[in-house]
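Tertiary structure, described
The residues making up each chain are set out below.
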Amino acid sequence: QSLDVANNQLRELPAALADCPRLKEANFRGNQLRDKRLEKMVNGCQTKAILEYLRAGGRGKGKVESAREEVRKKKREKQQKKDSGDGEQDEVEEASKLLVKILHVSENPAPLVVKVSPGVKDVRAFIVCCVLKGVNLKPGNALKRFLTMQTKLHEDICEKRTVATIATHDLQLVKAPLTYDVQPPDELKIMPLGRKEIKAKDLLRQLQQEAEEQRKQKKRQNVSGLHKYLQLLDGKDNYPCLVDTEGAVISFPPITNSEKTKIRKETRDLFLEVTSDTSLQICKDVMDTLILKIAELNRSALENREGSGSDMELDAPCGPGNMNLPLVVEQVRVVDTDGNLKVLYPSKTDLATVSSLLTVIR
């Protein structure tokens, strides 16, 4: 149940540790591990996340690989049903799938672009963005469920923000074009969610003090909220940030978004952003899952609205014919300072990991 091999000379951890079902607590700190991603996790993650990482063979595959395997399994089962002549059932399943329509850059009169500064390469190199239109957060507790979903994704597929961080913004409040940049802690200014404008250096100091007070009050080692992620910026001379055309920082990953682009019940169109210092593919996999979860919440909100007959603020009439209107995903280009394309999302191969649950109109 417990393993303590801290402060030894281990260079790697055997994957076989992941096959120890009763292992609940493991301390690997103070070893010079070759895998720097794993070393970072050892210093800041729960045992369960570390074992998931080892099970997947390292390099941050963990939850994402599990999700892919689940999708493959569903595809195999679907093919078996088809082969056994159960085609009618498949047609019903296809009709009940969530719809997502992709608006390509070439079809968009005003596509959003994100420019990446060279400095992010050594701080938090990877970013993927898109626009999602047609979201409905008005009915009942739809907004609360949206925020809870985002928190769960941070805990699960993002592995407590160690492999990726999600940021969601109200598109109407985003002043494009945007720049993904780095700034020193004493220069980066942001208006964090629910707080006044503050320098990043002072925000982290403030959060650290709050964490200490929280620990003393609750007499626990663990802290909650933003305080859990402070160690992810340890040792960095510059912090990553997404800056709008007016020079305002709208995102400071992996810590917080800005109050300036905060999502509200009235928000219909979203700007979505996923960043990582691990890999571009992890950003894409997380974005795929985020879009799926928002589509699920959107349908649920419409179904509840139809069933309750309340909340007349809904813009579109909500009836059976309206229930499966597609969400529109607009492609966003991420380019370098010379305008060369670094990543386009969603591309032809994106959203494949969730294709068993989504119908994507390309």
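Above this text sits the structure in question.
Notes on the structure in this doc start here. (Residues numbered from 1 in each chain as written. Predicted model: local features only at pLDDT ≥ 70, side-chain atom pairs only at ≥ 80, totals over all residues. Heavy atoms only, no water.)

1. Observations regarding the overall build of the chain
Scanning the chain from terminus to terminus reveals seven helices and 16 strands. The buried share of the chain, taken over its 362 residues, is 45%. Look at the contacts in the chain between residues 6 or more apart in sequence, and 68% of them connect residues 24 or more apart. Element-wise, carbon and sulfur atoms account for 48% of the exposed surface of the chain, whose accessible area totals about 18,700 Å². (Helix = DSSP H or I, 4+ residues; strand = E, 2+ residues; numbered from the N terminus. Buried < 20%, exposed > 50% of the residue type's maximum accessible area, 1.4 Å probe, protein only. Contact = heavy atoms within 4.5 Å. Areas by Shrake-Rupley, 256 points an atom, 1.4 Å probe, with all protein chains shown as cover.)

2. Thoughts on the side chain of Asp 269
With respect to the helices, strands and loops of the structure, Asp 269 is situated in strand E13 (residues 269–276). Salt bridges are absent for the buried Asp 269, whose nearest opposite-charge side chain, Lys 133, sits at 4.7 Å. For Asp 269, the contacting residues outside a window of four places in its chain are Leu 132, Lys 133, Gly 134, His 169, Asp 170, Leu 171 and Gln 172. (Lys, Arg positive; Asp, Glu negative; His and termini not counted. Salt bridge = Lys/Arg side-chain N within 4 Å of Asp/Glu carboxyl O.)

3. Structural notes on the side chain of His 169
The topology assignment puts His 169 in strand E6 (residues 165–170). Here the side chain of His 169 touches Glu 273 through a polar contact of 2.9 Å, side chain to side chain. If we ignore the near neighbours within four places in the chain, the residues touching His 169 are Val 174, Ile 250, Ser 251, Asn 257, Thr 261, Ile 263, Asp 269, Leu 270, Phe 271 and Glu 273. (Polar contact = N/O pair within 3.5 Å; in protein donor to acceptor, adjacent residues only side chain to side chain.)

4. Observations regarding the state of the cysteines
Counted under the stated rule, the structure contains zero disulfides. Left unpaired, Cys 283 is separated from the closest cysteine sulfur, that of Cys 129, by 9.0 Å. (Disulfide = S-S within 2.5 Å.)

5. Side note on the pairing of strand E10 (residues 239–243)
The buried fraction of E10 is high, at five of five residues. By the alternation rule, side chains of E10 split into Tyr 239, Cys 241 and Val 243 and Pro 240 and Leu 242, which are all buried. As paired elements, strand E7 (residues 178–183) and E10 share five bridges and run antiparallel to each other. Of the residues in E10, the one forming a bridge with Val 182 is Pro 240. As judged from the two bridges shared by E10 and strand E11 (residues 249–252), these two strands associate in the antiparallel manner. Residue pairing in the sheet places Leu 242 in a bridge with Ser 251 of E11. Between the end of E10 and the start of E11, which pair antiparallel, lie five residues, with Gly 247 showing a positive phi angle near 85 degrees. (Pairing = 2+ DSSP bridges.)

6. As for helix H6 (residues 200–218)
For H6, built from 19 residues, the straight-helix expectation of 27 Å at 1.5 Å per residue is met to within 8% by its first-to-last C-alpha distance of 27 Å. By the burial criterion, the buried members of H6 are Ala 200, Leu 203, Leu 204, Leu 207, Ala 211 and Gln 214. For H6, the angular spread of buried residues about the axis comes to 95 degrees, placing them on one side. For H6, the exposed residues set more than 90 degrees away from the buried face come down to Lys 216 and Gln 217. The inward-facing, buried residues of H6 contact strand E8 (189–190), strand E9 (198–199), E10, E11 and strand E12 (256–257). (Expected span 1.5 Å × (residues − 1). Arc of directions from axis to C-beta.)

7. Focus on the nonpolar core
Where a protein is soluble and globular, its nonpolar side chains tend to be buried together. Formed by 56 residues in total, the largest nonpolar core has its most connected members in Val 114, Phe 271, Leu 272, Met 287, Ile 291 and Ile 294. Counting residues per element, this core draws most heavily on helix H7 (residues 280–308), at 10 residues. When residues no more than four places from it in sequence are discounted, the contact partners of Val 114 are Cys 129, Leu 178, Tyr 180, Leu 242, Phe 271, Val 332, Arg 333, Val 334 and Val 335. Counting residues in each nonpolar core, the second largest holds 17 residues, with Leu 230, Cys 241, Val 243 and Ile 255 among its members. (Core = buried A, V, L, I, M, F, W, Y, C linked by side-chain atoms within 4.5 Å.)

8. Focus on the pattern of salt bridges
Counted according to the given criterion, the structure contains 13 salt bridges. In this structure, the salt-bridge partner of Glu 39 is Lys 36, at a minimum N-O distance of 3.5 Å. With Glu 39 and Lys 36 both in helix H1 (residues 36–44), this residue pair falls three residues apart, about one helical turn. Using a relative accessible area of 18% as the deciding quantity, one classes Glu 39 as buried. As a salt-bridge pair, Asp 277 and Lys 40 come within 3.0 Å of each other at their nearest N and O atoms. Pair noted here: Asp 277 is in the loop between E13 and H7 and Lys 40 is in helix H1, with a separation of 237 residues, a long-range link. Take Asp 277: its relative accessible area is 25%, and that puts it in the partly exposed class. For Lys 40, a relative accessible area of 34% translates into the label partly exposed. Several salt bridges share partner residues, and in doing so they unite Arg 37, Lys 40 and Asp 277 into one network.

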